[in-house]
Amino acid sequence: MLKKVNPYKDSSLGKKEQVTKMFDTISGEYDGLNRVISFGIDIKWRKKVVEIVKATNPETVLDIATGTGDLAINLAETSATKIIGLDISSGMLEVGKTKIATKNLDHKIEMIIGDSENMPFDDNTFDAITVAFGVRNFETLEKGLKDILRVLKPGGTFVILETSVPTKFPFKQGYKFHSKVVLPTVGRLFSKDKTAYKYLSDSASVFPYGEALNNILRNIGFINVKDLPQTFGVATIYTASKQ
């Protein structure tokens, strides 16, 4: 049973509604603070995701929890003729649409508001599906993964980029200090939402990673599941496919 972590402890809203509210609030500042908090290393991780997807020569790609569209924009480097970015936060999507327009990628990337656990797509639609730092925000992880499996084409590629917890000294201790002290402090000082970055830290610390997430993916029905730890284990890329 996964431990539930919500953005607002005193809210009567469900996790999905709380996450939507949180990202709408921080959408304008998200890109800038994210670069500062991650020291820009997340850019390198996204490039590796793009390399994995590019190798499969996809025509259609879905980027779930696309946020402000960073990964969707990077995926324009692939052979895909259609990329859809899906997110529940209209605030994040609006920022993303502006970035896409600036890069003249409107013809290739479409930003859609929607629920990752109940997506408005037919079965077997996409050659590749990606999620960067989004699966831990699903209200029900298994439900979201099942819907991803549903809309992925047989033989298609699914790639997750998500935070994980280093297990070796001194990276484990450094990660703990960064996530428990640095991230929440930066959030309190510079974010409109004082609890958002504490939630992002707390949710990362309890989310399954490595073989634990591999097993969840296998139980859902994914095949060829692999995990690729990044930067001493502070993040992990997971790859999987559909029978």
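Please refer to the structure placed before this passage.
So, how was this worked out
Residues numbered from 1 in each chain as written. Predicted model: local features only at pLDDT ≥ 70, side-chain atom pairs only at ≥ 80, totals over all residues. Heavy atoms only, no water. Helix = DSSP H or I, 4+ residues; strand = E, 2+ residues; numbered from the N terminus. Rg over C-alpha atoms; globule rule 2.2 N^0.38 Å. Buried < 20%, exposed > 50% of the residue type's maximum accessible area, 1.4 Å probe, protein only. Contact = heavy atoms within 4.5 Å. Lys, Arg positive; Asp, Glu negative; His and termini not counted. Charge placed at Lys NZ, Arg CZ, Asp CG, Glu CD. Salt bridge = Lys/Arg side-chain N within 4 Å of Asp/Glu carboxyl O. Phe/Tyr/Trp six-rings, centres within 6.5 Å; stacked < 30°, edge-to-face > 60°. Lys NZ or Arg CZ within 6 Å of the ring centre and 35° of its normal. Pairing = 2+ DSSP bridges. Axes fitted to C-alpha atoms, helices over the stretch in contact; angles between N-to-C directions. Parallel < 35°, antiparallel > 145°, perpendicular 65-115°, else oblique. Nonpolar A, V, L, I, M, F, W, Y, C, P; charged D, E, K, R; others polar.

### Some words on the overall build of the protein chain
When you go through the protein chain residue by residue, the secondary structure sums to 8 helices and 7 strands. In summary, the protein chain has a C-alpha radius of gyration of 17 Å against a globular reference of 18 Å for 243 residues, a match within 12%. Seen through its C-alpha atoms, the protein chain measures out along the principal axes to roughly 40 × 40 × 35 Å. Every one of the 243 residues in the protein chain was classed for burial, and the buried ones make up 55%. Expressed as a percentage of contacts within the protein chain between residues at least 6 apart in sequence, the contacts between residues at least 24 apart total 71%. Side chains of the protein chain give 33 positive and 28 negative charges; the mean places of these two sets differ by 7 Å.

### A few points about the pattern of salt bridges
All chains considered together, the criterion is met by 17 salt bridges. Residue D42 is joined to R46 by a salt bridge in which the shortest nitrogen-to-oxygen separation is 2.6 Å. One end of the pair, D42, and the other, R46, are both in helix α2 (residues 41–54), 4 residues apart, so they sit about a helical turn from each other. Taken individually, D42 and R46 each receive the classification buried, so the pair is uniform in this respect.

### Description of unusual backbone geometry
The omega angle of the peptide bond from F169 to P170 is 0 degrees, so this bond is cis rather than trans. Counting through the fold element by element, P170 comes out in the loop between β5 (152–163) and α6 (171–190). The phi torsion at N224 lies on the positive side, around 50 degrees, for a residue other than glycine. Looking at where N224 falls in the secondary structure, it is placed in strand β6 (residues 223–230). Accessibility expressed as a relative area gives 55% for N224, which makes it exposed.

### Quick word on helix α5 (residues 141–151)
Looking only at α5, the buried set comprises L141, G144, L145, D147, I148, L149 and V151. In this fold, the buried residues of α5 make contact with β1 (60–64), β4 (126–132), β5 and α8 (211–220).

### Brief notes about the packing of aromatic side chains
Aromatic ring pairs are described here by two measures, namely the spacing of the ring centres and the angle between the planes. Under the counting rule described, the total for this entry stands at 5 aromatic pairs. Seen in terms of ring centroids, F23 and Y30 are 6.0 Å apart; in terms of plane orientation they differ by 75 degrees. Their pairing is edge-to-face. With respect to class, F23 is no different from Y30; both count as buried. Look at F171 and F232: their rings are 4.0 Å apart centre to centre, the planes differ by 5 degrees, and that puts the pair in the stacked class. In this pair, F171 sits in helix α6 while F232 sits in the loop between β6 and β7 (235–241), placing the two residues 61 residues apart along the sequence. Classification of F232 by relative accessible area gives exposed; the value is 59%. Taking NZ or CZ as reference, K21 lies 5.0 Å from the ring centre of Y8, over its face.

### Overview of the sheet that holds β4
Strand order in the open sheet formed by 7 strands is β3-β2-β1-β4-β5-β7-β6, and the pairing between neighbours is mixed. Pairing within the sheet leaves two strands with one partner each, and these edge strands are β3 (109–113) and β6. Each adjacent strand pair in this sheet contributes to an overall mean axis angle of 15 degrees, direction not counted. Pairing between β4 and β5: 6 bridges, direction parallel. Across the sheet, A128 pairs through a bridge with T157, a residue of β5. Across the sheet, α8 lies against β5, β6 and β7, angled at about 160 degrees from β6, the strand it touches most.

### Notes on the packing of helix α1 (residues 15–38) against helix α4 (residues 90–102)
Interhelical geometry of α1 versus α4 gives an angle of 30 degrees and a closest axis separation of 7 Å. Considering their axes alone, α1 and α4 lie roughly parallel with respect to each other. Listed contacts from α4 to F23, D24, S27, Y30 and D31 of α1 are S90, G91, M92, V95 and K99. Here the residues of the contact of α1 with α4 sort into 4 nonpolar, 3 polar and 3 charged.

On their own, these measurements won't tell you what the molecule is for.
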